[in-house]
Structures are given as structure tokens and as C-alpha cells.
Amino acid sequence: MINLSEMREKEVINIRDGAKIGLIYDFEIDLENGRVIGVIIPGPGKILGVFGKNKDMVIDWKNIVRIGTDAILVDIDVEL
């Protein structure tokens, strides 16, 4: 089992292109069912999730492929 705080320390990598997306800074949680439904990665230029443009990336939990010891692998289509 992994803690949410441990997940925040792992790099998120997209398996489609091998790009490093960033670090998780928040989670979307379904309080009714007690489940994590997504993770939030700060948008480009944000420092500590505070300063910068408000283009955060939300990744659905179903798109997380694997949580490893050093990284979290996701399968998402990134629109540029």
C-alpha cells in the first residue's frame, strides 16, 4: 500500500512519449466513496502549485498505469 504523501514525491511520466509531466501536488477525492478519482499536476510555470498560469493538468485515476518506487506511469493523450 502507498500513502498519498509518498505519491507526491514521485515523478509522473507519460508512457506514450516518455515525457516527464511533473510532480503531483493535489488529489481529486470522492468523499462519498472514499476513493481517489484523479491527480492534479501543476501547469507550466507554477512554483509549488501557487504562482503561474492556471492550467493544471488533471489525470484520471484510471489513466495511471503503474506506481513504481521512483515514478508514476500514466497513459494520457496530451494536446498541445
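What comes next is a walk through the structure. Values in this document were obtained by computation on a predicted structure and should not be read as measured data.

About the cut-offs
- Residues numbered from 1 in each chain as written.
- Predicted model: local features only at pLDDT ≥ 70, side-chain atom pairs only at ≥ 80, totals over all residues.
- Heavy atoms only, no water.
- Patch = residues over 30% accessible without salt bridge, like charges linked within 9 Å, V, L, I, M, F, W, Y side chains within 5 Å.
- Areas by Shrake-Rupley, 256 points an atom, 1.4 Å probe, with all protein chains shown as cover.
- Salt bridge = Lys/Arg side-chain N within 4 Å of Asp/Glu carboxyl O.
- Helix = DSSP H or I, 4+ residues; strand = E, 2+ residues; numbered from the N terminus.
- Buried < 20%, exposed > 50% of the residue type's maximum accessible area, 1.4 Å probe, protein only.
- Lys, Arg positive; Asp, Glu negative; His and termini not counted.
- Contact = heavy atoms within 4.5 Å.
- Core = buried A, V, L, I, M, F, W, Y, C linked by side-chain atoms within 4.5 Å.
- Pairing = 2+ DSSP bridges.
- Axes fitted to C-alpha atoms, helices over the stretch in contact; angles between N-to-C directions.

### Some words on a nonpolar patch on the surface
Item 1. On the surface, Leu4, Ile29 and Leu31 cluster together to form a nonpolar patch covering roughly 300 Å² of accessible area.
Item 2. Its location among the elements puts leucine 31 in the loop between β3 (26–30) and β4 (35–41).

### Some words on the side chain of lysine 10
Item 1. Mapped onto the elements of the fold, lysine 10 is located in the loop between α1 (4–7) and β1 (11–14).
Item 2. Despite its burial, lysine 10 pairs with no opposite charge, the nearest such side chain being glutamate 6 at 5.8 Å.
Item 3. The contacts of lysine 10, once residues within four sequence positions are left out, are Ile2, Gly22, Leu23, Ile67, Gly68, Thr69, Asp70, Ala71 and Ile72.

### A closer look at the pattern of salt bridges
Item 1. Summed over the entire model, instances satisfying the criterion amount to one salt bridge.
Item 2. Here aspartate 75 ties to arginine 16 by a salt bridge, and the two come within 2.5 Å at their closest N and O atoms. Residue aspartate 75 is found in the segment after β7 (71–74), and its partner arginine 16 is found in the loop between β1 and β2 (20–23); the two are separated by 59 residues along the sequence.
Item 3. Taking relative accessible area as the criterion, arginine 16 reaches 52% and is therefore assigned exposed.

### Quick look at the environment of aspartate 70
Item 1. As for its position among the elements, aspartate 70 is in the loop between β6 (64–67) and β7.
Item 2. For aspartate 70, a relative accessible area of 64% puts it in the exposed group.
Item 3. With sequence-adjacent residues up to four places away left out, aspartate 70 is seen in contact with Lys10 and Glu11.

### What about the nonpolar core?
Item 1. In this structure, Met7, Val12, Ile21, Ile24, Phe27, Val39, Ile41, Ile59, Ile64, Ile72, Val74 and Ile76 together form the largest nonpolar core, which totals 12 residues.
Item 2. Those elements giving two or more residues to this core turn out to be β4 and β7.
Item 3. Excluding residues that lie within four positions of it along the chain, isoleucine 41 makes contacts with Val12, Ile21, Gly22, Leu23, Ile24, Tyr25, Asp56, Met57 and Ile59.

### Quick notes on the sheet that holds β3
Item 1. Read across the sheet, three strands follow the order β3-β4-β5 without closing on themselves; strand pairing throughout is antiparallel. The open sheet has two free edges, formed respectively by β3 and β5 (57–60), since each of these has just one partner strand. Ignoring which end each strand starts from, the neighbouring axes of this sheet average 30 degrees apart.
Item 2. Sheet analysis places β4 next to β5, joined by four bridges and oriented antiparallel. Paired with isoleucine 40 across the strands is valine 58, a residue of β5.

### Thoughts on the pairing of β3
Item 1. Both β3 and β4 contribute to a ladder of five bridges, which runs antiparallel. Bridge pairing in β4 links glutamate 28 to glycine 38.
Item 2. Here β3 folds back onto β4, and the loop between the two strands holds four residues, one of which, glycine 34, carries a positive phi near 70 degrees.

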